[in-house]
Amino acid sequence: MAAVRKYPMENVVRYPGGSYKESAILHKICQVTLHSLPAYLMDTMAYMMGKKPVMIRVVEKMHKAQKAIEYFATNEWAWSTDNVEKLNMELTEVDRQTFNFDLSALSWPDFIDDYVKGTRQFVFKEDLATLDQARRHSDKMFWIEKCLQILLFIVFGKLFTWLFC
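Residues numbered from 1 in each chain as written. Predicted model: local features only at pLDDT ≥ 70, side-chain atom pairs only at ≥ 80, totals over all residues. Heavy atoms only, no water.

From N to C terminus, the protein includes seven helices and zero strands. Put simply, the protein runs from its N terminus to its C terminus through helices and strands in the order α-α-α-α-α-α-α. When the backbone C-alpha atoms are referred to their principal axes, the protein occupies close to 75 × 40 × 30 Å. Considering only contacts in the protein between residues 6 or more positions apart, those separated by 24 or more positions represent 57%. When the accessible area of the protein is evaluated, it comes to approximately 13900 Å², of which 65% is carbon and sulfur surface. Computing the positive centroid from 21 side-chain charges and the negative centroid from 20, the protein places the two 13 Å apart. (Helix = DSSP H or I, 4+ residues; strand = E, 2+ residues; numbered from the N terminus. Contact = heavy atoms within 4.5 Å. Areas by Shrake-Rupley, 256 points an atom, 1.4 Å probe, with all protein chains shown as cover. Lys, Arg positive; Asp, Glu negative; His and termini not counted. Charge placed at Lys NZ, Arg CZ, Asp CG, Glu CD.)

Our next topic: the packing of helix H2 (residues 24-48) against helix H3 (residues 55-74). Two numbers describe how H2 lies on H3: the axes approach to 8 Å, and their chain directions differ by 155°. In terms of orientation, H2 lies roughly antiparallel with respect to H3. For the crossing formed where H2 meets H3, the hand is right-handed. Every residue of H3 that contacts H2 at His27, Gln31, His35, Ser36, Ala39, Tyr40, Met42 and Asp43 is listed here: Met55, Ile56, Val59, Met62, His63 and Gln66. A class-by-class count of the residues in the contact of H2 with H3 yields seven nonpolar, six polar and one charged. (Axes fitted to C-alpha atoms, helices over the stretch in contact; angles between N-to-C directions. Parallel < 35°, antiparallel > 145°, perpendicular 65-115°, else oblique. Left-handed = near helix turned anticlockwise from the far one by under 90°. Nonpolar A, V, L, I, M, F, W, Y, C, P; charged D, E, K, R; others polar.)

What follows covers H2. Taking 1.5 Å of rise per residue, 25 residues should cover 36 Å, and H2 covers 34 Å from first to last C-alpha, within 8% of that figure. In the structure, H2 departs most strongly from a straight axis at valine 32, where the bend amounts to approximately 35°. Buried within H2 are the following residues: Cys30, Gln31, His35, Ser36, Ala39, Asp43 and Ala46. Those residues of H2 that are buried are in contact with H3. At the N-terminal boundary of H2, the capping side chain belongs to serine 23, with an oxygen 3.3 Å from the backbone nitrogen of isoleucine 25. Glycine 50 sits one or two positions beyond H2 and adopts a positive phi of about 80°. (Expected span 1.5 Å × (residues − 1). Bend = angle between axes of the 7 residues up to and from the residue. Buried < 20%, exposed > 50% of the residue type's maximum accessible area, 1.4 Å probe, protein only. Polar contact = N/O pair within 3.5 Å; in protein donor to acceptor, adjacent residues only side chain to side chain.)

In this structure, Ala3, Tyr7, Met9, Val116 and Leu131 together form the largest nonpolar core, which totals five residues. If we ignore the near neighbours within four places in the chain, the residues touching methionine 9 are Val116, Thr119, Arg120, Phe124, Glu126 and Ala134. (Core = buried A, V, L, I, M, F, W, Y, C linked by side-chain atoms within 4.5 Å.)

Coordinates in, geometry out; function isn't part of it.
The following block contains the structure:
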């Protein structure tokens, strides 16, 4: 997540984050409360202002993509690298420089930074000159999210005390 905070996307509607849920029921509850309901609310507001509602479609695509990678993200995978290691040992020094596939020297944090920066620049076609503006917007989304969480905590606290006390 550090890379996403370092190279935030422009015009995000929520602060980036997320987590995996072990329970399918909890996952579905989170999808509905954190994705679908806000999307319907935003699309209703857009419709009332005479704008085209798009968030429901975006959320449906996001859920479809989540479902597509669910199997790979929720299972453990073991890969044998014996053949790659043998091949690496047989390479000459010139071939090692040409076909460098030794990942032991790879800096994963730098790789992820470059990956997110490249995605921002080449996939989303966002200019790196707008990074400061995107960071300010991301910071604003962070504080909006925290305020909403506090508000919901208070509302649920009041509701709980009203129902059970």
